[in-house]
Amino acid sequence: MKLRKLLAAVLVGVMTVSSLAISAFAADEKATVPAPGEFDPDGKDYVAQMYVQVGGSWVFRNTWADETYGTAIGYENADKLSNVENNVVSVNDGTFTDVKLEGNGTYTVTLDKPNFVKNVDGNTTEPTNFNLIGVSTNIPASADASEGGPVKFTDVKITVNDNLTYTYPEGSCDPDAIDKGSYISILGVNIWNKDICVDANTALGGEDVWPGTVDKITISFTISGFNYDKAAEETTAEETTAAAADTATKAADTAKTDSSSSNGLPTPAIIGIVAAVVVVVVVIVVVATSKKKKAN
């Protein structure tokens, strides 16, 4: 009887240890960045997002394939600004706009209204400079043009607050991503890369150019290497109508201003101009609405 109880206890222990081992293995599996595989030039599941890190407070958003805080591993706040203190993660305000890469074309990723101040139990740490700004993707690094692949980034323009700016005519994939056989991550500001990023670091990364308050960061870029082009962005009927109406209003105001001068047009001419503009507005609205119906 005692032997049976002993065996039962051992069995329970073995099952418990096995369960823990399986759970740990599952956790490790979940935290692993997926293998890049081969680039599909016809694919429509590729994305691009901004990564950023500031000095001083060390508030950040890491690259898509980051092994600790990246989108690829399922980090729950991967679409937000984070900060870490004593292994405790907090989230800061800031809205990222990522893009889906659907063909060759020009795209823009943004960060609006970021809060780069670290706040831990009421103790704040201010940011001092940009350590990192760039674009990361889920495109295999082996597809980058520097590796003989088809994917190329050009006209990579980084803008902070609409006034601080730097443009790379040709974007460069982070050498670390290539060495790891990871995913394309385009360099922008990188204070640890003093070769490729020297000019961008001077323009955007130094404490001497830190703007103090950051309202917006924008990165626009052009990508090629797909077998198809990005679909043209359509203008809605409402946008067309609003633009046409604005044009009509400006024309009418201009006509009124001209008529107040001694050499202005006579009233019948002014009425004719405004009437012509109104007719144009009506035609534009009808055409735009017709196109929208056909598209639907």
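For the structure given in this document, a descriptive report is provided here.

**Let's talk about the layout of surface pockets**
Thought 1: The calculated volume of the largest pocket comes to roughly 640 Å³.
Thought 2: Together, 29 residues line the largest pocket, and Thr63, Asp66, Asp174, Asp176 and Lys180 are the ones closest to its centre.
Thought 3: Only β1 (46-55), β10 (129-140), α2 (175-180) and β13 (183-190) provide two or more residues apiece to the lining of the largest pocket.

**Considerations on the sheet that holds strand β12 (residues 164-170)**
Strand pairing in a sheet relies on backbone hydrogen bonds, with the paired strands running either antiparallel or parallel.
Thought 1: Read from one edge of the open sheet, five strands run β5-β7-β14-β11-β12, paired in antiparallel fashion. Edge positions in the open sheet fall to β5 (95-97) and β12, since each of these has one partner strand only. For this sheet, the mean inter-axis angle between neighbouring strands, taken without regard to orientation, is 10 degrees.
Thought 2: Note: strand β11 (residues 152-160) against β12, six bridges, orientation antiparallel. Bridging across to β12, Ile158 finds its partner in Tyr166.

**Focus: the pattern of salt bridges**
Thought 1: This model, assessed by the stated rule, comprises five salt bridges.
Thought 2: With a shortest N-O distance of 3.2 Å, Lys80 and Asp79 are connected by a salt bridge.
Thought 3: Using a relative accessible area of 31% as the deciding quantity, one classes Lys80 as partly exposed.
Thought 4: When the shortest N-O distance is used, the salt bridge between Lys118 and Glu85 registers 3.3 Å. Within this pair, whereas Lys118 is found in strand β8 (residues 118-120), its partner Glu85 is found in strand β3 (residues 81-85), the two being separated by 33 residues in sequence.
Thought 5: Take Lys118: its relative accessible area is 10%, and that puts it in the buried class.

**Notes on the side chain of Asn129**
Thought 1: In this fold, Asn129 is placed in strand β10.
Thought 2: In this structure Asn129 comes out as buried when scored by relative accessible area, which is 8%.
Thought 3: A polar contact of 2.9 Å, which involves the side chain of Asn129, links it to the side chain of Asn131.
Thought 4: Non-local contacts of Asn129, meaning those with residues more than four positions away in its chain, are made with Gln53, Val54, Gly55, Gly205, Gly206, Glu207 and Trp210.

**Quick word on unusual backbone geometry**
Thought 1: Its identity is not glycine, yet Asp121 carries a phi of approximately 55 degrees, on the positive side.
Thought 2: Asp121 sits in the exposed class, given a relative accessible area of 76%.
Thought 3: One non-glycine residue with positive phi stands out, namely Asp155, at about 50 degrees.

**Overview of the nonpolar core**
Thought 1: Membership of the largest hydrophobic core comes to 47 residues, with the highest contact counts inside it found for Leu101, Phe116, Phe130, Ile217 and Phe221.
Thought 2: A per-element tally of this core places β1 first, with six residues.

**Quick notes on the packing of aromatic side chains**
Aromatic ring pairs are reported here in terms of the distance separating the ring centres and the angle at which the planes meet.
Thought 1: All chains considered together, the criterion is met by 13 aromatic pairs.
Thought 2: Note that Lys44 overlies the ring of Tyr228, its terminal NZ or CZ placed 5.3 Å from the centroid.
Thought 3: Directly above the ring of Tyr107 sits Lys230, whose terminal nitrogen or CZ lies 4.4 Å from the centroid.

**Re the environment of Thr125**
Thought 1: You can see Thr125 is positioned in strand β9 (residues 123-125).
Thought 2: For the pair formed by Thr125 and Ser57, sequence separation is 68 residues and the distance between their alpha carbons is 5.3 Å.
Thought 3: Filtering out sequence-adjacent residues up to four positions away, Thr125 remains in contact with Gly56, Ser57, Phe116, Val117 and Lys118.

**Let's talk about the pairing of β3**
Thought 1: Examined bridge by bridge, β3 and strand β4 (residues 88-92) share five bridges and lie antiparallel to one another. What sits directly across from Leu81, in β4, is Asn92.
Thought 2: Here β3 folds back onto β4, and the loop between the two strands holds two residues, one of which, Asn86, carries a positive phi near 55 degrees.

**Some thoughts on a negative patch on the surface**
Thought 1: Residues Asp40, Asp42, Asp45 and Glu102 make up a contiguous surface patch of negative charge.
Thought 2: Within the element layout of this structure, Asp45 appears in the loop between α1 (2-30) and β1.

**Quick look at the environment of Leu81**
Thought 1: Locating Leu81 in the fold gives a position in strand β3.
Thought 2: Here the alpha-carbon distance between Leu81 and Phe60, two residues 21 residues apart in the chain, equals 5.4 Å.

**Thoughts on the side chain of Asn104**
Thought 1: Looking at the element boundaries, Asn104 is found in the loop between β6 (99-101) and β7 (105-112).
Thought 2: A relative accessible area of 17% means that Asn104 is categorised as buried.
Thought 3: Those residues in contact with Asn104 that lie beyond four places of it in its chain are Ile223, Ser224, Gly225, Phe226, Tyr228, Asp229 and Lys230.

Conventions and cut-offs
Residues numbered from 1 in each chain as written. Predicted model: local features only at pLDDT ≥ 70, side-chain atom pairs only at ≥ 80, totals over all residues. Heavy atoms only, no water. 1 Å grid on protein atoms, 1.4 Å probe; cavity = no way out; pocket = protein on both sides within 12 Å on 5 of 7 lines; lining within 4 Å. Points joined across faces, edges and corners; volume = space filled by probe spheres on them. Helix = DSSP H or I, 4+ residues; strand = E, 2+ residues; numbered from the N terminus. Pairing = 2+ DSSP bridges. Axes fitted to C-alpha atoms, helices over the stretch in contact; angles between N-to-C directions. Salt bridge = Lys/Arg side-chain N within 4 Å of Asp/Glu carboxyl O. Buried < 20%, exposed > 50% of the residue type's maximum accessible area, 1.4 Å probe, protein only. Polar contact = N/O pair within 3.5 Å; in protein donor to acceptor, adjacent residues only side chain to side chain. Contact = heavy atoms within 4.5 Å. Core = buried A, V, L, I, M, F, W, Y, C linked by side-chain atoms within 4.5 Å. Phe/Tyr/Trp six-rings, centres within 6.5 Å; stacked < 30°, edge-to-face > 60°. Lys NZ or Arg CZ within 6 Å of the ring centre and 35° of its normal. Patch = residues over 30% accessible without salt bridge, like charges linked within 9 Å, V, L, I, M, F, W, Y side chains within 5 Å. Areas by Shrake-Rupley, 256 points an atom, 1.4 Å probe, with all protein chains shown as cover. Lys, Arg positive; Asp, Glu negative; His and termini not counted. Charge placed at Lys NZ, Arg CZ, Asp CG, Glu CD.

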